[in-house]
Amino acid sequence: MTTIEAITYIVVALVAAAVGYMIRKSAAEGKIGSAEARATAILEEARREAEAKQREALVEAREQIHRLREELEAGIRQERQEIQRWERRVSRREDAVERRGQELASKEKELKQREAELKARQEEIENLQQEHRRELERLAGLTAEEAKQTLLKRVEEEISHEMAMKIKEIETQAREEAEAKARQIIALAIQRYAADHTSEATVSVVSLPSDDMKGRIIGREGRNIRTLETLTGVDLIIDDTPEAVILSAFDPVRREIARIALEKLINDGRIHPARIEEMVEKARREVDRAIREAGEQATFETGVTGLHPELIKLLGRLKYRYSYGQNVLQHSIEVAHLAGMMAAELGADQEVARRAGLLHDIGKAVDHEMEGGHLHIGIELLKKYKEPKHVIHAMACHHGDYEPETLEAALVTAADAISASRPGARRESLDNYIKRLRKLEAIADSFEGVDKAYAIQAGREIRIMVKPEKIDDAAAAKLARDIVKKIEAELEYPGQIKVTVIRETRAVEYAR
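Computed from a predicted model, the values in this text were never measured in an experiment.

Undergrad: Describe a positive patch on the surface, and please don't skip the residues or the numbers.
TA: Positive charge collects at one region of the surface, where Arg88, Arg89, Arg92 and Arg93 lie side by side. With respect to the element layout, Arg92 can be found in helix α1 (residues 3–140). Judged by its relative accessible area of 51%, Arg92 falls in the exposed class.

Right, here's the structure in full:
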């Protein structure tokens, strides 16, 4: 192809492109105009719809505002009405408070007037009382304090009289109810157990085949008697008593060992220090065996089981101990039986009563070896060997040192008193006996209104004659009770003491 042709083709192509561009531009412009027209119509229509909706919304908003305004105004009107009601109520309350205040002010004024009147009347009454008191003092010749003391004394006498009458009534009723039952129980217990006690001497006497035996017992230069006294701890009294040697010792067990050893030596005939030592050892083993057997027999008789072996041994030692001539082991067995029988009658614990009754004087087995009374020694021994607390308590109360907290404790105390106070149970020295009777009468004489007092029935009863012008019937009952309390506090005695107060009035005239 030539250059001209090429240029021609290019020109033609450019012309064609230009024509096509113009045609497309013209078509596009037409389309744009049409689109603009449609858009303008759409916008106009939208504007009209928007204006219509705006008008509708505006109308609706105005209606809603109007409705809300009406509702608000109605609420305001209601609140105003409520406020008006509250204002009316407050106004009425204020009126009422004001009236009440006026009434209170009036009453306060009235009360002040009455208070002033009462004060005036009180002063008037006080003045009258003072005048009356002065007049009474003038007429009676007594001051107010003296009249008060006289009145108090009279009231005290009346109360004392009423109290004595009440005490007498209660005691009579209680005695009537209790005496029959107590008498029945005690009589039954004593009838069921009536042990025979043989009073034995507190010194031992060994009979000799002849008075020549005294010299052999003494030995050359007294070596035999010194050996025997040293080994046994017993004093041998060899005096003018024919065919007898007296053994004296505070320890009854040692005295028994010495008695057995001396009897064996007399029967054997060979008396010298070596033989004495051998016989004393045999006697000691024999006494130890007898003590153990006596303790075991006591537990068997009373039905008490489970005792510690040392307690059984201590019980056996009581076989050689005497109190006022009463064998302590036999006394303990008797107390155990009596306490057990009374416990059975009253529904108490028989085992505890028997056990405490058997052990109540256990301290007497070693009271010469330890410090303190037999009661406290016995308590320590029972604690040491693990006896039950209620048994220890029942044993500890039998002398009144402790208040009984159980029925068994009271029964052991009663059984001990019964066993010790029954006829023939104990012996007392004449001096102690006379001292106790004098002390008993002195206690009765120490009370005002007592004329004479007599201790009778071996100190088991005291009869008191009172002055009838000072002691009436009611005061006699109170006096008897006061004397009983003082006797219980100041005297130690077995059993019980009966106090009888006698008031007698005699009218004597002579016919001439």
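From this point, the discussion proceeds with the structure in view.
Undergrad: Which residues make up the packing of aromatic side chains, and what values go with them?
TA: For the structure shown, the criterion picks out 0 aromatic pairs. Between Arg89 and the ring centre of Trp86, over which it is positioned, the NZ or CZ distance is 4.6 Å. We note Lys486 situated over the ring of Phe447; from NZ or CZ to the ring centre the distance is 5.4 Å.

Undergrad: Hey, could you go over unusual backbone geometry for me, with residue numbers and the actual values?
TA: Phi is positive for Glu221, which is not a glycine, with a value near 55°. One can find Glu221 in the loop between α3 (212–218) and α4 (223–232). Residue Glu221 is classed as exposed on the basis of its relative accessible area of 72%. Its identity as a non-glycine residue notwithstanding, Lys386 has a phi of 60°, on the positive side.

Undergrad: Let's hear about the side chain of Arg317: which residues, and what values?
TA: Checked against the element boundaries, Arg317 lands in helix α7 (residues 309–317). With residues near it in sequence (within four places) discarded, Arg317 still touches Asp251, Val253, Ile291, Ala365, Val366, His368 and Glu369.

Undergrad: Can you break down the sheet that holds strand β6 (residues 450–456) residue by residue, with the values?
TA: Hydrogen bonding along the main chain pairs the strands of a sheet, whether they run parallel or antiparallel. If you walk across this open sheet you meet the 3 strands as β6-β7-β8, and the pairing is mixed. Edge positions in the sheet fall to β6 and β8 (498–503), since each has one partner strand and no second. Averaged over all adjacent pairs, the angle separating strand axes in this sheet is 20°, with direction ignored.

Undergrad: How would you sum up the packing of helix α9 (residues 350–359) against helix α11 (residues 389–396)? Please name residues and give values.
TA: Closest axis-to-axis distance for the α9/α11 pair is 9 Å, and the angle between their directions is 55°. Comparing their axes, α11 and α9 come out oblique. Between α9 and α11 lies a crossing of right-handed hand. On α11, the residues that touch Val352, Arg355, Ala356 and Leu359 of α9 are His390, Val391, Ala394 and Met395. Taken together, the residues of the contact of α9 with α11 sort by class into 6 nonpolar, 1 polar and 1 charged.

Undergrad: Can you break down the pattern of salt bridges residue by residue, with the values?
TA: Side-chain pairing between opposite charges can occur once the charged atoms of the two side chains come close. For the structure on display, the rule yields 22 salt bridges. Between Glu256 and Arg259 there is a salt bridge, with its nearest N and O atoms 2.5 Å apart. One end of the pair is Glu256 and the other is Arg259, both in helix α5 (residues 252–268) and 3 residues apart, which spans about a single turn. Taking relative accessible area as the criterion, Glu256 reaches 13% and is therefore assigned buried. One connected set of salt bridges, linked through shared partners, spans Asp268, Arg270, Arg275, Glu278 and Lys282.

Reading the values: the criteria
- Each chain carries its own residue numbering, running from 1 in the written order of its sequence.
- Totals for whole chains, interfaces and linings use every residue, but because this is a predicted model, local features are given only for residues with pLDDT of at least 70 and side-chain atom pairs only at 80 or more, for both listing and counting.
- With hydrogens and water set aside, each side-chain value is computed from the structure's full complement of heavy atoms.
- The patch calculation keeps residues exceeding 30% relative accessible area without a salt bridge and links them within 9 Å when they carry like charges or within 5 Å when they are nonpolar (Val, Leu, Ile, Met, Phe, Trp, Tyr).
- Here the open area of atoms and residues is found with the Shrake-Rupley method and a 1.4 Å probe, where only the protein chains shown may cover a residue.
- When a carboxyl oxygen of Asp or Glu lies within 4 Å of a side-chain nitrogen of Lys or Arg, that pair is called a salt bridge.
- When charges are counted, neither His nor the chain ends are considered; positive counts come from Lys and Arg and negative counts from Asp and Glu.
- To locate a charge, take atom NZ for lysine, CZ for arginine, CG for aspartate or CD for glutamate.
- Starting at the N terminus, helices and strands are each numbered in turn, a helix being any DSSP run of H or I of at least four residues and a strand any DSSP run of E of at least two.
- Categorising residues by exposure relies on relative accessible area from a 1.4 Å probe, with only protein chains included: less than 20% of the type maximum marks a residue as buried, more than 50% marks it as exposed, and the intermediate range marks it as partly exposed.
- Within 6.5 Å between ring centres, the rings of Phe, Tyr and Trp (the latter by its six-membered ring) count as paired, and their orientation is classed by plane angle as stacked under 30 degrees, edge-to-face over 60, tilted in between.
- By the criterion adopted, a ring carries a charge over it if an Arg CZ or a Lys NZ lies within 6 Å of its centre and within 35 degrees of its normal.
- Contact criterion: two residues are considered in contact whenever any of their non-hydrogen atoms come within 4.5 Å of each other.
- Pairing between two strands is assigned when DSSP locates at least 2 bridges connecting them.
- Lines fitted to the C-alpha atoms define the axes, with helices restricted to the stretch that makes contact. Angles between their N-to-C directions range from 0 to 180 degrees.
- Each angle is binned into one of four classes, with values under 35 degrees roughly parallel, values over 145 roughly antiparallel, values of 65 to 115 roughly perpendicular, and all other values oblique.
- Each crossing is labelled by how the near helix is turned from the far one, with a counterclockwise turn of less than a right angle marking it left-handed and a clockwise turn marking it right-handed.
- The nonpolar class holds Ala, Val, Leu, Ile, Met, Phe, Trp, Tyr, Cys and Pro. Asp, Glu, Lys and Arg form the charged class, and all remaining residues, Gly among them, are polar.

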